[in-house]
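A structural walkthrough
So the chains spell out like this:
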Amino acid sequence: AERQAVSRASDFVGRVEAINRVQVRVRVTGYLEEILFKEGDTIKENAPVYRLEKGQFEAAVKQAEGALERAKAAKVLSAVQLTRAEDLLKRASGTEVARDQALAADQQAADSILEAEAQLQTAQINLGYTDITSPIAGKIGRTSVTKGNVVGPDTGALTTIVSQDPMYVTFPVSQRDFLRAQQTGNRPNLQDLKVRLRYSDGSDYSETGTLNFVDVSVDRSTDTVTVRATVPNPKGGLIDGQLMRVVVEADKPEEKIVIPQSALIADQEGVYVFVVQDGKAAVRRVKPGVGHGTGVVIEEGLKGGELVIVQGLQSVRPGAPV
């Protein structure tokens, strides 16, 4: 039974979450002319994903441009009439009423230009909405509509885009674990804790993450606090919504007794191992802890240095010569 440097670790069950998630929606009503992506592909930011028929929106822009030109022409006429009314009033050939009417008409013409410019800008914005692009870089899901349909703001999400690198992993931590950390009197900095992930089949994820957030309140229904870690995902090994085992390791390792897992035997009373004492097999009740590579940490029952039987256990009996 060897003493080894073992990092303090705690196991949790967490779920992978994309840092950015966007539901792509249509902001104007129109005919879906083209789908510009392959479902499940990785796309770049601002990459085109859908295109609507542009004809009616281009016509609306031209109509707004014509209205703006008419408003500008009306402004020119109203300015000329205002100048003439002021000249006539100075020569005592006109009236103040005529001058005031010309002034009001000129101001209305100026306001009409502002209104026409706003309508033109709105038409141009709506035309721009016919090209739907991705606001983020990530993987794009399947499309909920196909080419040829009329879509609009009430259609709902056309597809979903999730970012890929890095990813969040959130997991609940019980109040018991928080109390245990407080009782040790040494609460480490979140940045000093390492986060390792394991897949559901027990294999390890290659990248190591760091904690970046602890929720400010306790979930009353589960009596847990949500903790979040950021984990690199350069190869796309993590998928949004995936369930993972989360191992949080402390920064400073401790001396622990480690033996091979094959030495452990379980019965109704608990877990024990066979050790060699005075040339004979003897039973030692142990309290196993977390796994450490191919071995397991023994919290209680061994002091270190004992000879532990790891093979041929089926033929070993207490007191049998070894």
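Scroll up a little and you will see the structure.
Nothing here was measured: the structure is a model prediction, and the numbers come from that model. (Residues numbered from 1 in each chain as written. Predicted model: local features only at pLDDT ≥ 70, side-chain atom pairs only at ≥ 80, totals over all residues. Heavy atoms only, no water.)

Attention now goes to the overall build of the protein chain. Within the protein chain, the regular secondary structure consists of three helices and 19 strands. Computed over the C-alpha atoms, the radius of gyration of the protein chain is 37 Å, more than 25% above the 20 Å expected from 2.2 N^0.38 for a compact globule of 322 residues. Dimensions along the principal axes, computed over C-alpha positions, put the protein chain at roughly 135 × 50 × 30 Å. For the protein chain, the residues scored as buried account for 30% of the 322 residues in total. (Helix = DSSP H or I, 4+ residues; strand = E, 2+ residues; numbered from the N terminus. Rg over C-alpha atoms; globule rule 2.2 N^0.38 Å. Buried < 20%, exposed > 50% of the residue type's maximum accessible area, 1.4 Å probe, protein only.)

Once that is clear, we can look at unusual backbone geometry. Most peptide bonds take the trans configuration, and most residues that are not glycine carry a negative phi. Along the chain, Asp165 connects to Pro166 via a cis peptide bond; the corresponding omega equals 0°. Looking at the element boundaries, Pro166 is found in the loop between strand 9 (159–162) and strand 10 (167–174). Despite not being glycine, Asp223 shows a phi value in the positive range, around 60°. Within the fold, Asp223 resides in the loop between strand 12 (209–214) and strand 13 (224–231).

Quick look at the sheet that holds strand 6 (residues 131–133) now. The strand order 6-5-3-8 describes an open sheet built from four strands, whose pairing is antiparallel. What marks the edges here is a single partner per strand, and that holds for strand 6 and strand 8 (150–151). Here strand 3 (residues 30–35) runs beside strand 8; their pairing, made up of two bridges, is antiparallel. Along strand 8, the bridge assignment pairs Gly30 with Val151. (Pairing = 2+ DSSP bridges.)

Look at helix 1 (residues 55–90) against helix 2 (residues 96–128): their axes get within 8 Å of each other, and the N-to-C directions meet at 165°. Overall, the two elements helix 1 and helix 2 adopt an arrangement that is roughly antiparallel. Between helix 1 and helix 2 lies a crossing of left-handed hand. Along the lines of polarity and charge, the residues of the contact of helix 1 with helix 2 split into 23 nonpolar, six polar and nine charged. (Axes fitted to C-alpha atoms, helices over the stretch in contact; angles between N-to-C directions. Parallel < 35°, antiparallel > 145°, perpendicular 65-115°, else oblique. Left-handed = near helix turned anticlockwise from the far one by under 90°. Nonpolar A, V, L, I, M, F, W, Y, C, P; charged D, E, K, R; others polar.)

Going through the model one piece at a time under the given rule, you end up with 12 salt bridges. One salt bridge in this structure joins Glu34 and Arg51, with 2.9 Å as the shortest N-O distance. Of the two residues, Glu34 is situated in strand 3 and Arg51 in strand 5 (residues 48–52); the sequence distance between them amounts to 17 residues. Here Arg51 falls in the partly exposed class, since its relative accessible area comes to 25%. Close ionic contact of Lys54 with Asp131 constitutes a salt bridge, the shortest N to O distance being 2.7 Å. (Salt bridge = Lys/Arg side-chain N within 4 Å of Asp/Glu carboxyl O.)

What follows is about the side chain of Thr170. You can see Thr170 is positioned in strand 10. Its relative accessible area of 16% is what places Thr170 among the buried residues. In this structure the side chain of Thr170 is engaged in a polar contact, spanning 3.2 Å, whose partner is the side chain of Glu17. Residues in contact with Thr170, not counting those within four places in the same chain, are Gly14, Arg15, Glu17, Thr226, Val227 and Arg228. (Polar contact = N/O pair within 3.5 Å; in protein donor to acceptor, adjacent residues only side chain to side chain. Contact = heavy atoms within 4.5 Å.)

This brings us to the sheet that holds strand 9. Hydrogen bonding along the main chain pairs the strands of a sheet, whether they run parallel or antiparallel. Spatial ordering of the open sheet is given by 2-9-7-4, a layout of four strands whose pairing is antiparallel. Of all the strands in the sheet, the pair left with one neighbour each is strand 2 (21–24) and strand 4 (42–43). Here four bridges tie strand 2 to strand 9, and the two strands are oriented antiparallel to one another. Among the inter-strand pairings, Arg21 is bridged to a residue of strand 9, identified as Val162.

Mapping Ile125 onto the fold places it in helix 2. Classification of Ile125 as partly exposed rests on a relative accessible area of 40%.

All right, on to the nonpolar core then. Counting residues in hydrophobic clusters, the biggest one holds 21 residues, and the most contacted among them are Phe171, Val195, Leu197, Leu211, Leu238, Val246 and Val248. At the level of elements, strand 1 (2–18), strand 10, strand 11 (194–198), strand 13 and strand 14 (243–260) are the ones that each hand at least two residues to this core. Ranked by size, the runner-up nonpolar core spans 18 residues in total, among them Leu32, Phe37, Phe57 and Val151. (Core = buried A, V, L, I, M, F, W, Y, C linked by side-chain atoms within 4.5 Å.)

Here the focus is the pairing of strand 17 (residues 280–285). Where strand 16 (residues 270–277) meets strand 17, six bridges bridge the pair, whose relative direction is antiparallel. Counterpart to Tyr272 in the pairing with strand 17 is Arg285.

Before going further, it helps to examine the packing of aromatic side chains. Overall, the coordinates contain four aromatic pairs when judged by the stated rule. A ring pair is formed by Phe37 and Tyr50, whose centres lie 5.3 Å apart and whose planes are at 80°; its orientation type is edge-to-face. Of the two residues, Phe37 sits in the loop between strand 3 and strand 4 while Tyr50 sits in strand 5, which places them 13 residues apart along the sequence. Its relative accessible area of 13% is what places Phe37 among the buried residues. By relative accessible area, Tyr50 is classed as buried at 0%. Arg228 extends its terminal NZ or CZ atom over the ring of Tyr168, reaching a point 4.0 Å from the ring centre. (Phe/Tyr/Trp six-rings, centres within 6.5 Å; stacked < 30°, edge-to-face > 60°. Lys NZ or Arg CZ within 6 Å of the ring centre and 35° of its normal.)

All right, on to the environment of Arg21 then. Mapping Arg21 onto the fold places it in strand 2. Sequence-wise, Arg21 and Lys139 are 118 residues apart; in three dimensions their C-alpha atoms are separated by 9.8 Å. The residues contacting Arg21, other than those within four sequence positions of it, are Thr160, Ile161, Val162 and Asp240.

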